[in-house]
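# A look at the structure
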Amino acid sequence: MNSKQYQCLICGWIYDEAKGWPEDDISPGTAWEEVPFDWTCPECGAMKDDFEMIEINA
């Protein structure tokens, strides 16, 4: 399975599914769809709706 990355459109912070965000109890490997709806960007406080999937060329 390829993990996806999602970038905050407000500040540019990136959520990586492979890494999760343990600081907010989001375990590594957590799919974006499983991140709580009310979770906010740790950098700027933007809502999940303010993120979009980005392509990373390996």
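Residues numbered from 1 in each chain as written. Predicted model: local features only at pLDDT ≥ 70, side-chain atom pairs only at ≥ 80, totals over all residues. Heavy atoms only, no water.

This model, assessed by the stated rule, comprises nine aromatic pairs. An angle of 50° between the planes, with centres 5.6 Å apart, marks the rings of Trp 39 and Phe 51 as tilted. Pair noted here: Trp 39 is in the loop between strand 2 (14-16) and strand 3 (51-54) and Phe 51 is in strand 3, with a separation of twelve residues, a long-range link. Neither residue differs from the other here; Trp 39 and Phe 51 are each classed as buried. When the ring centre of Trp 32 is taken as origin, the NZ or CZ atom of Lys 48, which lies over that ring, is 4.9 Å away. (Phe/Tyr/Trp six-rings, centres within 6.5 Å; stacked < 30°, edge-to-face > 60°. Helix = DSSP H or I, 4+ residues; strand = E, 2+ residues; numbered from the N terminus. Buried < 20%, exposed > 50% of the residue type's maximum accessible area, 1.4 Å probe, protein only. Lys NZ or Arg CZ within 6 Å of the ring centre and 35° of its normal.)

Counting eleven residues, the largest nonpolar core is built from Tyr 6, Cys 8, Trp 13, Tyr 15, Ile 26, Trp 32, Val 35, Trp 39, Cys 41, Ala 46 and Phe 51. In contact with Trp 39, not counting residues within four places along its chain, are Trp 13, Trp 21, Asp 24, Ile 26, Trp 32, Ala 46, Met 47, Lys 48 and Phe 51. (Core = buried A, V, L, I, M, F, W, Y, C linked by side-chain atoms within 4.5 Å. Contact = heavy atoms within 4.5 Å.)

Position of Asp 16 among the secondary structure elements: in strand 2. Beyond its immediate sequence surroundings of up to four residues, Asp 16 is in contact with Ser 3, Lys 4 and Gln 5.

Further remarks concern the environment of Tyr 6. As for its placement among the helices and strands, Tyr 6 is situated in strand 1 (residues 5-8). You can call Tyr 6 buried: its relative accessible area is 7%. The spatial distance from the C-alpha of Tyr 6 to the C-alpha of Trp 32 is 7.9 Å, given a sequence separation of 26 residues. In contact with Tyr 6, not counting residues within four places along its chain, are Trp 13, Ile 14, Tyr 15, Glu 17, Trp 32, Glu 33, Phe 51, Glu 52, Met 53 and Ile 54.

As a further point, take the pairing of strand 1. Where strand 1 and strand 2 come together, three bridges link them in antiparallel fashion. Within the sheet, the bridge partner assigned to Tyr 6 lies in strand 2 and is Tyr 15. Connecting strand 1 to the antiparallel partner strand 2 that follows it, the hairpin turn spans five residues, and Gly 12 within it adopts a positive phi of roughly 95°. Two strands pair when backbone bridges link them, and strand 1 and strand 3 are joined in this way by four bridges, in the antiparallel orientation. (Pairing = 2+ DSSP bridges.)

These values are about where atoms sit, not about what they do.
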